[in-house]
Every structure is written in structure tokens, then in C-alpha cells.
Amino acid sequence: MSARTRALAVCTALVLALLVTAVLTPLPYSLAYPGMTANVLGADDGKPVITITGAQTRRTSGQLRMTSIVATGPEADVRLPDIVKGWFRTDEAVMPREAVYPVGENTEEIAEHNAQQMRESQDTATSAALGQLGRSGKGVKVKLSLADVGGPSAGLMFALGIVDKLDGDGAGHDLTGGRKIAGTGTITAGGKVGAVGGVPLKTQAAKRDGATVFLVPRKECADARAELPKGVRLIPVSTLDGAVDALKALRTGDKIPSC
């Protein structure tokens, strides 16, 4: 065997070894999928999602569905073939692990962090909704209950649910107009809607569960349009006031914002 042939054989072996290592080595990514949705105007696990005391509430129709994603855990091994497959599927997304799990290194720590974020999201959603209606938190008490869901991304839908139960559109009608409306977005106590992750997967979850309208943070319009399921209409929002106005316009047939 000539020196050239031996060198080529060695190089080939090294390349193959590197390829095998790349295929078998776990990588710092998570695989995400469309998760559950829940109607915040209804019940979850036999309990009302929104319970209001200290004020008269309305009977509502239609649905306001919060949306979620599910992802492989922080300890799961995700390898190159999994990532390649994920890039070519519309019902699966490859996301940097730190984007999915920014805090904590194990399931227990992450679960506690997400639960804390959910509690904070519920408090800010209540403040935003009561502020939008000009009501005081001293007289009106809101309890939110949604099992097995963490993180802050349901804030917008919680706030809309509270507004709908207390005031509807302010003229005796439901905010939903009887539709199944889904959405996502964080919210501040002042009513500003913030971006979240996994929007394309959440629109798919919404479509799966019957929603025809999806409220999306305005900054994530492009992501939402990229793989939008047929039959789902996007409405971009940046504030709670804007979301309420858009739903009123949707019911009456007036012009609404679009992505």
C-alpha cells in the first residue's frame, strides 16, 4: 500500500469516526411539540379556571383557549438524527435547551420555576384585567386554577377571561362572539403583551382543538405566519386594550389588525 493510499485510509477513518461521534453524541437541544390547550372561561380538572368573588359575573359563551407546548426534558438525550428529523416536520420544533429551560438543571427545579412563573402570571393578569375595567383589587378577588401548566405565556388569555366574565364587551355581549378563540402572550400588570416561544406549535394546538382565531404577540407575527394552519386567522396584539378592541371589532365585523 502506497503512502498516499495509507494517508487516504487514515483520513477516511477519521472522518467516519467524527461522523459516528456526531451522530451518537447528545446535543444541547430540546424537541418541542404542540401541547394542551384549555378554555379559561370553562373548567379544568372539575374546577372553574377563573373564580371571581366580590363582583357580579356574567354567563359566557364561546371559548378563550390558552395554548402550550411540550418539550423533551432537560435530561433527555437529543442527537443529530433527532434534530435533522425535527427540522423537516411542521409538528415538531428544535429549540436550544436553554431557551426551553432557562433555569434549573433537573425536572424538579424546572417544575418549581415554571409554577412560580404561572403564579406571577396569574397575579399580573388579574391586575391588568381589573385595571382595564377600572376596578379595584381590594373589592374584587380573582382565583385562577389550571393544573399541570407552568410558565407565564397564558397571561393574556387569563386577563381576557377575567374581562369577559366581569364585563364582556361592555355592551352586553361576549368578547368571543361565540367563537373558539385561542392565543398566547405574557402580560404585565399595566396590560402590555409580551412575546413567548413556540408560537407555530401553539397555532397547531389551537387548530387541533377547534379554534378559528389566534391572538399572537405582534412581534411574533412572522413566526406565526410561517406554519399557520389553514382556517386559523391571526390577530396581532401588543396590549390588553388592543386585544379587547380587536375582539369587539371581530364580533361586529369592523376592521381588525392583521399580521
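Residues numbered from 1 in each chain as written. Predicted model: local features only at pLDDT ≥ 70, side-chain atom pairs only at ≥ 80, totals over all residues. Heavy atoms only, no water.

Draft legend 1. Geometry of the environment of Gly150. Residue position: Gly150 is located in the loop between strand 7 (141-144) and helix 5 (155-166). The spacing of Gly150 and Ser121 is 29 residues in sequence and 9.5 Å in space, taken between C-alpha atoms. Non-local contacts of Gly150, meaning those with residues more than four positions away in its chain, are made with Asn114 and Met118. (Helix = DSSP H or I, 4+ residues; strand = E, 2+ residues; numbered from the N terminus. Contact = heavy atoms within 4.5 Å.)

Draft legend 2. Representation of the sheet that holds strand 11 (residues 213-217). The strand order 6-1-5-8-11-12 describes an open sheet built from six strands, whose pairing is mixed. Of all strands in the sheet, those bounded by a partner on one side alone are strand 6 (93-96) and strand 12 (233-237). Averaged over all pairs of adjacent strands, the angle between strand axes in this sheet comes to 35°, irrespective of strand direction. Packing against the sheet, helix 5 makes contact with strand 5 (63-71), strand 8 (180-183), strand 11 and strand 12, and its axis sits at approximately 165° to strand 5. Sitting on the sheet, helix 6 (residues 199-208) is in contact with strand 1 (29-39), strand 5, strand 6, strand 8, strand 11 and strand 12, with an inclination near 40° to strand 1. (Pairing = 2+ DSSP bridges. Axes fitted to C-alpha atoms, helices over the stretch in contact; angles between N-to-C directions.)

Draft legend 3. Just the pairing of strand 4 (residues 50-53), in detail. Of the two faces of strand 4, the one lined by Ile50 and Ile52 is fully buried and the one lined by Thr51 and Thr53 carries no buried residue. Here strand 4 runs beside strand 7; their pairing, made up of four bridges, is antiparallel. The residue bridging Ile50 from the neighbouring strand is Leu144, located in strand 7. (Buried < 20%, exposed > 50% of the residue type's maximum accessible area, 1.4 Å probe, protein only.)

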